[in-house]
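Commentary on secondary and tertiary structure
Now for the letters of each chain:
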Amino acid sequence: MNEKTQEGPSTGRVVAVRGGIVDVAFDSERLPQIDEALVVEWDRPEQLVVEVQSHIDARTVRGIGLHTTAGLMRETPVRATGKTISVPGLRYIENTGSR
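Residues numbered from 1 in each chain as written. Predicted model: local features only at pLDDT ≥ 70, side-chain atom pairs only at ≥ 80, totals over all residues. Heavy atoms only, no water.

**Looking at the nonpolar core**
Using the following cut-off: Side-chain atoms within 4.5 Å are what join buried Ala, Val, Leu, Ile, Met, Phe, Trp, Tyr and Cys residues into a set we call a nonpolar core. Exposure is judged per residue with a 1.4 Å probe applied to protein chains only, and the accessible area is read against the type maximum: over 50% gives exposed, under 20% gives buried, and values in between give partly exposed. Numbering goes from the N terminus for both helices and strands, where a helix is a DSSP run of H or I of at least four residues and a strand is a run of E of at least two. Any two residues having at least one pair of non-hydrogen atoms within 4.5 Å are treated as being in contact.
Counting 15 residues, the largest nonpolar core has Val24, Phe26, Leu38, Val40, Val61 and Leu72 as the members making the most contacts within it. When residues of this core are traced back to their parent elements, those giving at least two are strand 2 (21-26), strand 3 (36-40), strand 4 (48-55) and strand 6 (77-84). Leave out the neighbours within four places in its chain, and valine 61 touches Val22, Asp23, Val24, Phe26, Leu31, Pro32, Leu38, Val52, Ser54, His55 and Ile56.

**Things to note about the confidence of the model for the protein**
Using the following cut-off: The predictor attaches a confidence to each residue, and that confidence, scored 0 to 100, is pLDDT.
Predicted confidence across the protein gives a mean pLDDT of 86, with 80% of residues reaching 70 or more. Counting interchain partners and residues more than four positions distant, the pLDDT-below-50 stretch residues 1-6 has nine contacts.

**Thoughts on the environment of glutamine 53**
Heads up, the rule is: Any pair of nitrogen or oxygen atoms within 3.5 Å is treated as a polar contact; in protein, a donor-acceptor pairing is required on top of that, and neighbouring residues in sequence qualify only through side-chain atoms on both sides.
Within the secondary structure, glutamine 53 is located in strand 4. Classification of glutamine 53 as partly exposed rests on a relative accessible area of 35%. Each C-alpha atom, one on glutamine 53 and one on aspartate 35, is 6.0 Å from the other, the two residues being 18 residues apart in sequence. A polar atom in the side chain of glutamine 53 sits 3.1 Å from the side chain of glutamate 51.

**Re the pairing of strand 3**
We apply this condition: At least two bridges found by DSSP between two strands is the condition for calling them paired.
Of all five residues in strand 3, five are buried, a share of seventy percent or more. Burial along strand 3 is two-sided: the residues Glu36, Leu38 and Val40 and Ala37 and Val39 are all buried. Judged from the four bridges that link them, strand 3 and strand 6 form a sheet pairing that is antiparallel. Looking across to strand 6, one finds that valine 40 is bridged to valine 78. Pairing of strand 3 with strand 4 involves four bridges; the strand directions are antiparallel. Its bridge partner being in strand 4, alanine 37 is matched across the sheet by glutamate 51.

**Brief notes about the sheet that holds strand 6**
Stated precisely, the cut-off is as follows: For helices, the axis comes from a line fit to the C-alpha atoms of the stretch in contact; other axes are also lines fit to C-alpha atoms, and the angle between any two N-to-C directions lies between 0 and 180 degrees.
Read around the barrel, six strands follow the order 1-2-5-4-3-6 and close on themselves; strand pairing throughout is antiparallel. For this sheet, the mean inter-axis angle between neighbouring strands, taken without regard to orientation, is 45°.

**Let's talk about the packing of aromatic side chains**
Aromatic rings in a pair are described by how distant their centres are and how their planes are angled relative to each other. Cut-off, in case you're wondering: In this scheme Phe, Tyr and Trp rings, the latter by its six-membered ring, pair at centre separations within 6.5 Å, and the angle between planes marks the pair as stacked below 30 degrees, edge-to-face above 60, and tilted otherwise. As a reminder, the over-ring test applies to NZ of lysine and CZ of arginine, requiring each to be within 6 Å of the ring centre and within 35 degrees of the ring normal.
Applying the stated criterion across every chain yields a total of zero aromatic pairs. We note arginine 44 situated over the ring of tryptophan 42; from NZ or CZ to the ring centre the distance is 4.8 Å.

**Re the side chain of threonine 69**
Here threonine 69 is to be found in the loop between strand 5 (60-65) and strand 6. Setting aside its immediate chain neighbours within four residues, threonine 69 contacts Val17, Gly19, Gly20, Val22 and Leu48.

This is the structure we're talking about:
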């Protein structure tokens, strides 16, 4: 883990949207880690979570939107959560072997 990923969550803005692929730029020195969940702060009732897939450069990440990105515009604020995506009930499945 490098120094840029050890601080608290940061905020950024959408710089590109291509289908379900979303690029987010951050002004701070801290980039979210790979697999970290980002929350788009838009005016829609449904929450849009983007999972970071790669670091494009020192200030930009590329992620996959986990819901539709229709209507998502550049400059929309994005908040890094500092956590990976979690799935309720997964621990139960892992512990019991149920499927």
